[in-house]
Amino acid sequence: AIERTLSIIKPDAVAKNVIGQIVARFEGAGLKIAAAKLVQLSRQEAETFYGVHKERGFFKDLVDFMVSGPVFVQVLEGEGAIAKNRDLMGATDPKKAEKGTIRADFADSIDANAVHGSDAAETAAQEIAFFFPGLNVYSR
Ligand code: CMP
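For every chain, the first residue of the written sequence is number 1, and numbering continues from 1 along that sequence. Two thresholds apply to this predicted model, a pLDDT of at least 70 for residue-level local features and 80 or more for giving and counting side-chain atom pairs, whereas whole-chain, interface and lining totals are computed over all residues. Hydrogens are left out, water is left out, and the side-chain values use all remaining heavy atoms of the structure.

Just so we agree on the cut-off: UniProt positions are given in the numbering used here, feature names are shortened, and annotations may be inferred rather than shown by experiment.
The chain carries the name Nucleoside diphosphate kinase in an unreviewed UniProt entry, which gives Aquabacterium soli as its organism. The record in UniProt for the chain states the following under Sequence similarities (unreviewed entry): "Belongs to the NDK family." Checking UniProt for the chain, the heading Subcellular location (unreviewed entry) contains the comment "Cytoplasm".

## Re the side chain of T101
This is how the line gets drawn: Numbering of helices and strands starts at the N terminus; helices are DSSP runs of H or I of at least 4 residues and strands are runs of E of at least 2. We call two residues in contact whenever any of their non-hydrogen atoms come within 4.5 Å of each other.
Within the secondary structure, T101 is located in the loop between α5 (81–89) and α6 (102–106). Leaving out residues up to four positions away in the same chain, T101 has contacts with R25, D87, L88, M89 and G90.

## Some remarks on the site of the ligand
Definition in use: A cutoff of 4 Å decides nearness: a residue is near a molecule or strand if any of its heavy atoms lies inside that distance of it. Two N or O atoms count as a polar contact when they lie within 3.5 Å, although within protein this holds only if one can serve as hydrogen donor and the other as acceptor, and sequence-adjacent residues are included solely when both atoms are side-chain atoms. Under the convention used here, a 1.4 Å probe and the Shrake-Rupley method define accessible areas, while residue burial counts only the protein chains that appear. Any residue outside Ala, Val, Leu, Ile, Met, Phe, Trp, Tyr, Cys, Pro, Asp, Glu, Lys and Arg is labelled polar, Gly included; the first ten of those are nonpolar and the last four are charged.
Residues in close proximity to the ligand include K10, Y50, H53, F58, L62, T92, R103, I110, D111, N113 and H116, which together make up its full environment. In the environment of the ligand, an oxygen atom lies 2.6 Å from a nitrogen or oxygen atom belonging to the backbone of I110. Here an oxygen atom of the ligand and a side-chain polar atom of N113 are 3.2 Å apart. Relative to its free-state accessible area of 460 Å², the ligand is covered by the protein chains to the extent of 79%. Its residues assigned to classes, the shell around the ligand comprises four nonpolar, four polar and three charged.

## With respect to the packing of aromatic side chains
To describe a pair of aromatic rings, one takes the distance between the centres and the angle between the planes. Applied cut-off: Between 30 and 60 degrees the pair is tilted, below 30 it is stacked and above 60 it is edge-to-face, where a pair is any two Phe, Tyr or Trp rings, Trp via its six-membered ring, whose centres lie within 6.5 Å. Exposed residues in this analysis have more than 50% of their type's maximum accessible area, buried residues have under 20%, and partly exposed residues fall in between, with area computed by a 1.4 Å probe over protein chains only.
On inspection of all chains with the given rule, the structure shows four aromatic pairs. Relative to Y50, the ring of F49 lies with its centre 5.0 Å away and its plane at 80°, an arrangement referred to as edge-to-face. One exposure class covers both F49 and Y50, and it is buried. Ring centres 4.9 Å apart and planes at 90° place the aromatic pair F130 and F131 in the edge-to-face group. The rings of F49, Y50, F130 and F131 are connected pair by pair, giving a single aromatic cluster.

## Observations concerning the confidence of the model for the chain
Here is the rule we go by: For every residue, the predictor assigns a confidence score, pLDDT, that lies between 0 and 100.
For the chain, per-residue confidence averages 97 on the pLDDT scale, and 100% of positions sit at 70 or higher. Taken over the whole predicted complex, pTM reads 0.97, whereas the ipTM for its chain interfaces reads 0.96.

## What about the pattern of salt bridges?
Convention followed: Whenever a carboxyl oxygen of Asp or Glu lies within 4 Å of a side-chain nitrogen of Lys or Arg, that contact is scored as a salt bridge.
According to the stated counting rule, one finds five salt bridges in the structure shown. With its nearest N and O atoms 3.2 Å apart, the salt bridge here joins D108 to K16. Separated by 92 residues along the polypeptide, D108 in the loop between α6 and β4 (115–117) and K16 in the loop between α1 (11–15) and α2 (19–28) bring together distant segments of the chain. With its nearest N and O atoms 2.8 Å apart, the salt bridge here joins K60 to D64. You can see K60 and its partner D64 sitting in helix α4 (residues 59–66), four residues apart, about one turn around the helix.

## Observations regarding helix α7 (residues 121–131)
For an α-helix the count is 3.6 residues per turn, leaving residues at separations of three or four pointing the same way. Let me state the cut-off plainly: Note that the arc is computed from the directions linking the helix axis to the C-beta atoms.
Within α7, burial applies to A124, E127, I128 and F131. Along the long axis of α7, the arc covered by the buried residues comes to 100°, so they all point the same way. For α7, the elements touching its buried residues are β1 (2–9), β2 (32–39), α3 (43–49), β3 (71–79), α5 and β4.

## Quick word on the UniProt feature "active site" (unreviewed entry) in the chain
As recorded in UniProt, the sites labelled "active site" (unreviewed entry) are H116. Structurally, the position occupied by H116 is in strand β4. Look past the residues within four positions of H116 in its chain and what remains in contact with it is L6, S7, I8, K10, F49, Y50, N85, M89, R103 and E127.

As structure tokens, then:
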């Protein structure tokens, strides 16, 4: 089925100036950009977005990192977009990510891991609505 998923290119990858290289991987795999923006998250926005992790030991480091610089947020659309994006990203911990994945190639650590992608249809819908409320997402 045609799906939408939320992708965040995190502050580490934005700082490395590899937004375009990462977007090229999405496009090369047949995903289309249905919405996109560069945004500096506030602490409150980062805490809300990652609210599901608030009891985890890594939560503060995660929020600190996500507000450390601008992020590039996109809605990706295409056949099986959620799983396709996760395959392209590779494992959360770049040390465990398969060769040729975005995290293997661009990430430095489990915190500075270059990208976020929605993990399921329900979270994708929530995450897209969080960053792109209203009708600001374009099928094409
Ligand atoms: P992300 O897919 O953005 O979702 C939550 C983030 O928390 C994850 O990527 C990692 O960057 C970060 N994180 C740090 N430590 C852990 C951990 N032990 N397990 C999962 N995620 C972690």
